[in-house]
Amino acid sequence: MTLNTQQEAKSPQRRRASTPLPLSPRGHQPGLLCTEPSTETQHPRLGQSASLNPPARTPSPAPNSWSSESSDSETSWEAFYRVVLLGDPGVGKTSLASLFAGKQERDLHEHLGEDVYERTLTVDGEDTTLVVVDTWEAEKLDECWSQELCLQVGSAYVIVYSIADRGSFESASELRIQLRRTHQADHVPIILVGNKADLVRCREVSVEEGRACAVVFDCKFIETSATLQHNVAELFEGVVRQLRLRRRESAAQEPPAPRRRASLGQRARRFLERLTARSARRRALKARSKSCHNLAVL
Ligand SMILES: Nc1nc2c(ncn2[C@@H]2O[C@H](COP(=O)(O)OP(=O)(O)OP(=O)(O)O)[C@@H](O)[C@H]2O)c(=O)[nH]1
């Protein structure tokens, strides 16, 4: 799939890394941001759909299910999701972020140190604004962006390694462990990305290893090539789908029922459940290994 990298007057907004976006006043969702509603027109879509459907001339309102504000709010806030890119130096984070922002590779030479990109994507007919943060490298961090903050503020994380660099793959596992510590309770989407898939002859990490790592660490997996613009649209659209799925899942969860003494029948059922739990876990692992590369399912 080819990204629509058309440069237009309404090119994606870029924010200085030193200017973090304000957190949602309600603070319900980690990394869910609120800003004044944008008066700009919608950015071109990522992916093939962009070339098939020209961008709308008027911005669509932020979907209610995505907003931390109620639909009938007087001041209509727009929901943003902060996607933090993590990974070793040189794995291609900036290249992926720039493609997300609709920039051509040649523009990368004019890197201005502005490492936060914002873009509204239309995925499955709904608009969602992602703010992609590429501030992980030490030299990009300033008094506002520490690595600790990067690990805390994401609504979703994209951990990038290069398939031609085993060291970066090992770092990716370490980053996943660090993230697990920071986000124990909330199930933020994490996508493991094997970039530079075009470097076939230099491959040091197989697809199977990448997939197995994703299964073990309970995240999604995709291989990309920023150079060939392969799977980059799928990556960011997948991030949007994962965010939606998790948001819907948490909305569907009922509050826990008050604890009462269990009846004999309930206790017997729990006993049987414990007996079958081990095989269920095995089945779940098998199912995850089948679906970890499908970014459209949980
Ligand atoms: N062959 C190939 N090269 C790539 C790919 N993605 C990025 N590169 C190259 O890898 C180098 C590093 O890319 P960056 O995007 O700067 O990587 P980074 O992770 O942001 O690393 P820093 O620049 O250190 O922040 C550049 O020369 C890119 O052109 C890819 O998919 N395939």
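Residues numbered from 1 in each chain as written. Predicted model: local features only at pLDDT ≥ 70, side-chain atom pairs only at ≥ 80, totals over all residues. Heavy atoms only, no water.

The name given to the chain in an unreviewed UniProt entry is GTP-binding protein, and the organism recorded there is Orycteropus afer afer. For the chain, the Subunit (unreviewed entry) comment in UniProt is given as "Interacts with Calmodulin." Listed in UniProt under the heading Sequence similarities (unreviewed entry), the comment for the chain reads: "Belongs to the small GTPase superfamily. RGK family." (UniProt positions renumbered as here; feature names shortened; annotations may be inferred.)

Colleague: Whenever I open this one, the nonpolar core confuses me. Can you help?
Modeller: Here is a general trend for soluble globular proteins: nonpolar side chains tend to be buried in one another's company. Counting 29 residues, the largest nonpolar core has Leu86, Ile159, Tyr161 and Leu192 as the members making the most contacts within it. In terms of residues, this core owes the most to one element, helix H4 (residues 166-182), which gives four residues. Beyond its immediate sequence surroundings of up to four residues, leucine 86 is in contact with Lys93, Trp136, Leu151, Tyr157, Val158, Ile159, Val160, Leu175 and Leu179. If you look at the next biggest cluster of nonpolar residues, it comprises 28 residues, including Leu130, Val158, Phe236 and Val240. (Core = buried A, V, L, I, M, F, W, Y, C linked by side-chain atoms within 4.5 Å. Buried < 20%, exposed > 50% of the residue type's maximum accessible area, 1.4 Å probe, protein only. Helix = DSSP H or I, 4+ residues; strand = E, 2+ residues; numbered from the N terminus. Contact = heavy atoms within 4.5 Å.)

Colleague: Whenever I open this one, the packing of aromatic side chains confuses me. Can you help?
Modeller: The relation between two aromatic rings is expressed through the spacing of the ring centres and the mutual angle of the planes. Using the criterion set out here, one finds two aromatic pairs in the structure. Geometrically, the ring pair formed by phenylalanine 100 and phenylalanine 236 is tilted, given 4.8 Å between the ring centres and 45 degrees between the ring planes. Here phenylalanine 100 is found in helix H2 (residues 93-100), whereas its partner phenylalanine 236 is found in helix H6 (residues 232-252), with 136 residues between them in sequence. (Phe/Tyr/Trp six-rings, centres within 6.5 Å; stacked < 30°, edge-to-face > 60°.)

Colleague: For this particular structure, what's the right way to read the environment of valine 193?
Modeller: Along the chain, valine 193 falls in strand E7 (residues 190-195). Residues valine 193 and valine 160, 33 residues apart in the sequence, show an inter-C-alpha distance of 4.7 Å. Excluding residues that lie within four positions of it along the chain, valine 193 makes contacts with Leu96, Val158, Ile159, Val160, Tyr161, Ile222, Thr224 and Leu235.

Colleague: What exactly am I supposed to notice about the pattern of salt bridges here?
Modeller: Opposite charge on two side chains lets them pair, provided their charged atoms get close. Following the criterion strictly, the structure yields five salt bridges and no others. Here glutamate 126 ties to arginine 244 by a salt bridge, and the two come within 3.9 Å at their closest N and O atoms. Of this pair, glutamate 126 sits in strand E5 (residues 126-133) while arginine 244 is found in helix H6, placing the two residues 118 residues apart along the sequence. What makes arginine 244 buried here is its relative accessible area of 5%. Where arginine 248 meets glutamate 126, a salt bridge forms, and the shortest distance between an N and an O atom there is 3.1 Å. On the criterion of sequence distance, the pair formed by arginine 248 in helix H6 and glutamate 126 in strand E5 is long-range, its members being 122 residues apart. On the accessibility criterion, glutamate 126 (22% relative accessible area) is partly exposed. The network of salt bridges with common partners includes Glu126, Arg244 and Arg248. (Salt bridge = Lys/Arg side-chain N within 4 Å of Asp/Glu carboxyl O.)

Colleague: So what exactly am I meant to see when it comes to a negative patch on the surface here?
Modeller: A cluster of acidic side chains, namely Asp165, Glu170, Glu174 and Glu204, defines a negative patch on the protein surface. Its place among the elements puts glutamate 170 in helix H4. (Patch = residues over 30% accessible without salt bridge, like charges linked within 9 Å, V, L, I, M, F, W, Y side chains within 5 Å. Areas by Shrake-Rupley, 256 points an atom, 1.4 Å probe, with all protein chains shown as cover. Lys, Arg positive; Asp, Glu negative; His and termini not counted. Charge placed at Lys NZ, Arg CZ, Asp CG, Glu CD.)

Colleague: Just checking my understanding: could you explain the site of the ligand for this structure?
Modeller: The immediate surroundings of the ligand are formed by 18 residues, with Gly90, Thr94, Ser95, Asp198 and Ala226 found nearest. Glycine 92 places a main-chain nitrogen or oxygen 3.0 Å from an oxygen atom of the ligand. Look at the ligand: alone it shows 640 Å² of surface, and the protein chains cover 73% of it. A per-element tally of the shell around the ligand places H2 first, with three residues. Here the shell around the ligand is composed, by residue class, of four nonpolar, seven polar and seven charged. (Near = heavy atom within 4 Å. Polar contact = N/O pair within 3.5 Å; in protein donor to acceptor, adjacent residues only side chain to side chain. Nonpolar A, V, L, I, M, F, W, Y, C, P; charged D, E, K, R; others polar.)

Colleague: Just checking my understanding: could you explain the side chain of serine 173 for this structure?
Modeller: Secondary-structure assignment places serine 173 in helix H4. Here serine 173 falls in the buried class, since its relative accessible area comes to 17%. Each residue touching serine 173, except ones within four places of it in the same chain, is listed here: Cys213 and Phe217.

Colleague: Would you mind going over H6 with me for this structure?
Modeller: Helical geometry: 3.6 residues make up each α-helical turn, so side chains three or four residues apart lie on a common side. An ideal rise of 1.5 Å per residue puts 30 Å on 21 residues; H6 measures up with 30 Å between its terminal C-alpha atoms. The set of residues buried in H6 consists of Val232, Ala233, Leu235, Phe236, Glu237, Gly238, Val239, Val240, Gln242, Leu243, Arg244 and Arg247. (Expected span 1.5 Å × (residues − 1).)

Colleague: Looking at this model, I keep getting lost on H2. Mind explaining?
Modeller: Counting buried positions along H2 gives six out of eight residues, so the element sits mostly inside the fold. The set of residues buried in H2 consists of Lys93, Leu96, Ala97, Ser98, Leu99 and Phe100. Positive backbone phi, at 85 degrees, marks glycine 102, one or two positions downstream of H2.

Colleague: Honestly, the packing of H4 against helix H5 (residues 207-216) in this entry has me stumped. Any pointers?
Modeller: A pair of packed helices is characterised by two quantities: the angle between their axes and the separation of those axes. Orientation of H4 relative to H5, taken along the N-to-C sense of each, is 10 degrees, at an axis distance of 11 Å. The orientation of H4 with respect to H5, classified from their angle, is roughly parallel. Mapping the contact onto sequence places Arg166, Phe169, Ser173 and Arg180 in H4 and Glu209, Gly210, Cys213 and Val216 in H5. (Axes fitted to C-alpha atoms, helices over the stretch in contact; angles between N-to-C directions. Parallel < 35°, antiparallel > 145°, perpendicular 65-115°, else oblique.)

Colleague: When you look at the packing of H2 against H6 in this model, what are you seeing that I'm missing?
Modeller: One way to put it is that H2 packs onto H6 with a least axis distance of 10 Å and a crossing angle of 80 degrees. Here H2 is positioned roughly perpendicular relative to H6, judged by the angle of their axes. For the pair formed by H2 and H6, the contact residues are Leu96, Leu99 and Phe100 on the first element and Val232, Leu235 and Phe236 on the second. A breakdown of the residues in the contact of H2 with H6 according to their chemical character gives six nonpolar, no polar and no charged.

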